Amino acid sequence: MTKKLYYESAYITEWESRITQKLERDGRKLVVLEETAFYPAGGGQPCDTGVLNGIPVLDVFSEGDTVFHEVERMPEGTDAVCKLDWSRRWDHMQHHSGQHLLSAVILRLLGAQTASFHLGQEDCMIDVELPELNRAQMDAVEQEVNAEIYRNRVISSYFVTEEQLRNITLVKQPKVTENIRIVEIEGIEYNACGGTHVSRTGELGLIKLLKTDKQKGNTRIYFKCGVRALQDYTESLRILEVVAGKFNTGRHDIADRFEKWEQEQARLRTRVDELQQRLDEYEMKELLAVAEGPVLVHIFVDKPAKELQPFAAKLTSGRDILVLLATEADNKLMLAHNGTLEVACAAFFKQHLGSFGGKGGGNNQSAQAGFASAEDMLRFIDFARKELNHAAAPDAPHTF
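None of these values were measured; they are calculated from a predicted model.

Caption draft 1: Region of interest: the layout of surface pockets. Empty space within the largest pocket amounts to approximately 1300 Å³. In terms of lining residues, the largest pocket is bounded by 43 residues, among which Gly43, Ala192, Cys193, Gly194 and Gly195 are the most central. Those elements that provide at least two residues to the lining of the largest pocket are β1 (3-4), α1 (5-8), α2 (86-110), β9 (114-119), β12 (180-185) and β13 (189-192). Among the elements that take part in the lining of the largest pocket, α2 stands out by supplying 6 residues, more than any other. In the lining of the largest pocket, the residues fall into 18 nonpolar, 17 polar and 8 charged.

Caption draft 2: Molecular detail of the pairing of strand β16 (residues 295-300). Relative to strand β17 (residues 322-327), β16 runs parallel, the two being bridged by 6 bridges. Opposite leucine 296, over in β17, you have valine 323 as the bridge partner. In this fold, β16 hands off to helix α7 (residues 308-316), which returns the chain to β17; that crossover is right-handed.

Caption draft 3: Structural context of the sheet that holds strand β11 (residues 155-160). Here we have 3 strands laid out as an open sheet, ordered β11-β12-β13, and antiparallel in their pairing. The two strands at the open ends of the sheet, each matched to only one other strand, are β11 and β13. Sheet twist, expressed as the average angle between the axes of neighbouring strands with direction ignored, equals 25°. As paired strands, β11 and β12 are joined by 6 bridges and run antiparallel to one another. In the sheet register, phenylalanine 159 faces β12, and the bridge partner there is arginine 181.

Caption draft 4: Spatial organisation of the UniProt feature "coiled-coil region" (unreviewed entry) in the protein chain. In the numbering used here, UniProt assigns the feature "coiled-coil region" (unreviewed entry) to residues 258-292. Note that residues 258-292 is 94% helix and 0% strand, and that its end C-alpha atoms are spaced 51 Å apart.

Caption draft 5: Spatial organisation of helix α3 (residues 135-150). Here α3 contains 16 residues, and its C-alpha end-to-end distance of 23 Å stays within 8% of the 22 Å for a straight helix at 1.5 Å per residue. Buried within α3 we find Met138, Val141, Glu142, Val145, Asn146, Ala147, Glu148 and Ile149. Buried residues belonging to α3 abut α2 and β14 (207-215). Where α3 starts, the residue carrying a side-chain oxygen 3.2 Å from the main-chain nitrogen of alanine 136 turns out to be asparagine 134.

Caption draft 6: Expanded view of the packing of helix α5 (residues 226-247) against helix α6 (residues 254-290). Here α5 crosses α6 at 50°, and the two axes come no closer than 10 Å. In terms of their interaxial angle, α5 and α6 are classed as oblique. Pair α5 / α6 crosses with left-handed handedness. Contacts from Leu240, Val243, Ala244 and Phe247 of α5 reach α6 at Ile254, Arg257, Phe258 and Trp261.

Caption draft 7: Inspection of the environment of alanine 344 at higher detail. By the element assignment, alanine 344 lies in the loop between β18 (332-336) and α8 (345-352). Owing to a relative accessible area of 11%, alanine 344 belongs among the buried residues under this scheme. Expressed as a C-alpha distance, the spacing of alanine 344 and glutamine 277, which sit 67 residues apart in the sequence, is 28 Å.

Caption draft 8: Broad picture of the nonpolar core. Counting 30 residues, the largest nonpolar core has Leu102, Ile106, Ile126, Ile207, Leu209, Ile221 and Phe223 as its most contacted members. Mapped by element, the contributors of at least two residues to this core are α2, β9, β10 (124-128), α3, β12, β14 and β15 (218-225). Per-element tally for this core: the top contributor is α2, with 6 residues. Counting 21 residues, the second largest nonpolar core, distinct from the first, contains Leu322, Cys345, Ala369 and Ile381.

Caption draft 9: Up close: the packing of α2 against α3. Remark: α2 packs on α3, axes separated minimally by 9 Å, with the N-to-C direction vectors making an angle of 125°. Looking at the two axes, α2 sits oblique to α3. α3 is crossed by α2, and the crossing has right-handed handedness. Contacts between α2 and α3 involve Leu101, Leu102, Val105, Ile106, Arg108, Leu109 and Leu110 from the first element and Gln137, Ala140, Val141, Glu144, Val145, Glu148 and Ile149 from the second. Each residue belonging to the contact of α2 with α3 can be placed in one class, and the counts come to 10 nonpolar, 1 polar and 3 charged.

Caption draft 10: Region of interest: the sheet that holds strand β2 (residues 14-25). One closed barrel holds the 6 strands; their spatial order is β2-β3-β7-β6-β5-β8, and the pairing between them is antiparallel. Adjacent strand axes in the sheet meet at a mean angle of 45°, parallel and antiparallel pairs treated alike. In the sheet, β2 pairs with strand β3 (residues 28-33) via 6 bridges, with the strands oriented antiparallel. Residue isoleucine 19 lies in a different strand from β3, and its bridge partner there is leucine 33.

Criteria and thresholds
Residues numbered from 1 in each chain as written. Predicted model: local features only at pLDDT ≥ 70, side-chain atom pairs only at ≥ 80, totals over all residues. Heavy atoms only, no water. 1 Å grid on protein atoms, 1.4 Å probe; cavity = no way out; pocket = protein on both sides within 12 Å on 5 of 7 lines; lining within 4 Å. Points joined across faces, edges and corners; volume = space filled by probe spheres on them. Helix = DSSP H or I, 4+ residues; strand = E, 2+ residues; numbered from the N terminus. Nonpolar A, V, L, I, M, F, W, Y, C, P; charged D, E, K, R; others polar. Pairing = 2+ DSSP bridges. Right-handed = clockwise from strand over helix to strand, strands pointing away. Axes fitted to C-alpha atoms, helices over the stretch in contact; angles between N-to-C directions. UniProt positions renumbered as here; feature names shortened; annotations may be inferred. Expected span 1.5 Å × (residues − 1). Buried < 20%, exposed > 50% of the residue type's maximum accessible area, 1.4 Å probe, protein only. Contact = heavy atoms within 4.5 Å. Polar contact = N/O pair within 3.5 Å; in protein donor to acceptor, adjacent residues only side chain to side chain. Parallel < 35°, antiparallel > 145°, perpendicular 65-115°, else oblique. Left-handed = near helix turned anticlockwise from the far one by under 90°. Core = buried A, V, L, I, M, F, W, Y, C linked by side-chain atoms within 4.5 Å.

So this is what it looks like as structure tokens:
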């Protein structure tokens, strides 16, 4: 049995203890201490980390009344000097207490219970039993939960007996019947919980609700507390200032300037599409004018690969020709016809691409391919030109 110092105080960061057990399990080096302030993962809260005799503590978990510490290497002797990562612990304390307060306010304002809680390195979230949460409700909850922070209510933790529990109105009944620990937010709620918590709501600093998602009939609320919320605000403000600088405006005018920018981009996109269509028509006339034989082959220098397909479709529309178009921009090419020819484009690629380091696919009428290098693509084009001219000839036998 391990004495759990984190139940005596969540603020213990350094202590000395005695190693009572050392073992290896599935390649993991595990140590059991006589007493520990390292919190094991549980109740939605991750474990603490830190050092034991200068050796990194990688993971902490409990089995029954015993707390196991996974260490990077096995310590010598039985004396242990321990120090936990306080910034990680403080983040967990702020978010776990913040979750209790947030859930209590949602229950009070909206009548919705919290179904689950997750505290990750990036995201912190709760799933509440509501099909949706609108903006007005989000704002009301955020205002009220921060008002409770400003009231600086006392948060206390203690163990109770089953008899004492009968006189306490809990948010949810605990799953255990002994060693029941209550976390009480003064004037707000009583909650059965084994996690680490701050001592007053004021230590949360602030709670910011970020966004919501629908989750199996419930609503998932993403939020941040305290230090993490401040860091997020600082980073968001930095990004806003950068964007404001790009638009040469104040950050409060960014939305208006961005809307005008979107309108201008739409006008430019329409104009570019018109010019692209004219350019395609001009290029098609030039290519058709110099085309020889049943196969039209052309290599573009900088045409984006995504433009090859629509260009090929225009080029073959109403014309019984086979086109092989390539671009040096990203070493891709396209083989296509209008469906009147016997050449199966995908089958041709499947039969020959591998010999040139190419990969691709498609259907009988059109197929696309990509190559690791320009040299491989050019070698394939030289080969394909000869093969396809023969295959597309009016009296040629077709094998693909």
